[in-house]
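Examining the three-dimensional arrangement
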Amino acid sequence: MSGDHVLALDAVDSGYGEVQVLDDCTLHLDEGEIVCLIGPNGAGKSTVLKTAFGMLTPWEGAVTYHDRDIGGMAPEDIVREGIGFVPQTENVFGSLTIEENLRMGGVARDDDLEPVLETLYDRFPLLEEKRTAKAQNLSGGQRQVLALARALVMEPDVLLIDEPSAGLAPNTADGVFADVQEVNAMDTAILMVEQNAKKGLGISDRGYVLDQGTVRFEDEADELLDNEEVSKLYLGG
Ligand SMILES: Nc1ncnc2c1ncn2[C@@H]1O[C@H](COP(=O)(O)OP(=O)(O)OP(=O)(O)O)[C@@H](O)[C@H]1O
């Protein structure tokens, strides 16, 4: 795959030890997009993100960022390239303050963090209000906002987000999805895994249905939501 994709997986096989999870997986993310990856438990959605972020090295195929091969590059180097990752769990340091968490997000930067912190505090006033509080005292939704903001300290142009709504009450999840949209509006392309397929696709431009490590469907998000087969097989009717 080539062209002007920001991020692409091209015919990627990947997995853990000897266990293959991704099988000829091809997908891409373009500038400005939110793309949602849905599919059943164990389909390999998180594995896509881990392979894109260098936590796993592709066995076959290529991972490209602006057409440059980054397959298997160390995560710390990938972060410097401009890709951020918000894992599903344990994505903040509970015993550190909000501000310390944000500063941890910037350890790979060697310039002054103040301007970017100010921008993030403007964007997420909640974090400024609580900047001296320990992250463990935040609610689940607030933690997700902190995890997003922490990844944004590096000013990535791609953000990989694993299940932003996991474990959150519906209203709280809606707030986090709104924040994801806002992050996207700050010129960040987003590849998001989401268990809540309807809501995830609801804020996305395009989507992929992954099943057994392979892309089964890809389309505009609206089309996937309207697709009867996708609906029956993957969206619970
Ligand atoms: N660290 C690991 N070591 C070995 N196998 C793993 C590891 N992490 C995941 N797997 C296996 O890889 C397969 C795909 O997992 P993955 O987490 O990518 O799925 P997923 O689509 O994100 O599903 P879920 O919604 O359950 O998180 C599963 O069979 C899982 O058991």
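Rules and cut-offs
- Residues numbered from 1 in each chain as written.
- Predicted model: local features only at pLDDT ≥ 70, side-chain atom pairs only at ≥ 80, totals over all residues.
- Near = placed C-beta within 6 Å.
- Helix = DSSP H or I, 4+ residues; strand = E, 2+ residues; numbered from the N terminus.
- Nonpolar A, V, L, I, M, F, W, Y, C, P; charged D, E, K, R; others polar.
- pLDDT = per-residue confidence, 0-100.
- Buried ≥ 20, exposed ≤ 12 C-beta atoms within 10 Å, placed from the backbone.
- Pairing = 2+ DSSP bridges.
- Contact = placed C-beta atoms within 7 Å.
- Axes fitted to C-alpha atoms, helices over the stretch in contact; angles between N-to-C directions.

This part takes up the site of the ligand. Every residue lining the ligand is accounted for by Tyr-16, Val-19, Val-21, Gly-39, Asn-41, Gly-42, Ala-43, Gly-44, Lys-45, Ser-46, Thr-47 and Gln-195. Broken down by secondary-structure element, the contributors of at least two residues to the shell around the ligand are strand E2 (19-29) and helix H1 (45-52). For the shell around the ligand, the element with the most residues is H1, which contributes three residues. When the residues that make up the shell around the ligand are grouped by side-chain class, the tally is four nonpolar, seven polar and one charged.

Now for the confidence of the model for the chain. Mean pLDDT for the chain: 94, with 98% of residues reaching 70 or above. Both scores are given for the predicted complex: the pTM is 0.95, the ipTM 0.95.

Of all eight residues in H1, seven are buried; the element is thus mostly enclosed. Of the residues making up H1, those classed as buried are Lys-45, Thr-47, Val-48, Leu-49, Lys-50, Thr-51 and Ala-52. Once H1 ends, the next one or two residues include Gly-54, with phi positive near 80 degrees.

The strands making up a sheet associate through hydrogen bonds between their backbones, and the pairing can be parallel or antiparallel. Strand order in the open sheet made by the four strands is E2-E1-E4-E5, with antiparallel pairing throughout. Edge strands, defined here as strands with exactly one partner in the open sheet, are E2 and strand E5 (68-69). Note that strand E1 (residues 7-16) and E2 share seven bridges and pair antiparallel. Within E2, the position partnered with Leu-7 by the bridge is Leu-29. Against the sheet, H1 makes contact with E1, E2 and strand E4 (60-65), and its axis sits at roughly 110 degrees relative to E1, the strand it touches most.

Turning our eyes to something else, we now look at the sheet that holds strand E3 (residues 34-38). Pairing is mixed in the open sheet, where six strands are placed in the order E6-E7-E8-E3-E9-E10. The open sheet terminates on both sides in strands that have one partner only, identified here as strand E6 (83-86) and strand E10 (214-220). This sheet shows a mean twist of 15 degrees between the axes of neighbouring strands, independent of strand direction. Judged from the four bridges that link them, E3 and strand E9 (residues 206-211) form a sheet pairing that is parallel. Within E9, the position partnered with Leu-37 by the bridge is Tyr-208. Against the sheet, H1 touches E3, E6, strand E7 (158-162), strand E8 (189-193) and E9, its axis set at about 145 degrees to E7. On the sheet, helix H6 (residues 140-152) packs against E6 and E7 and is oriented at approximately 160 degrees with respect to E6.

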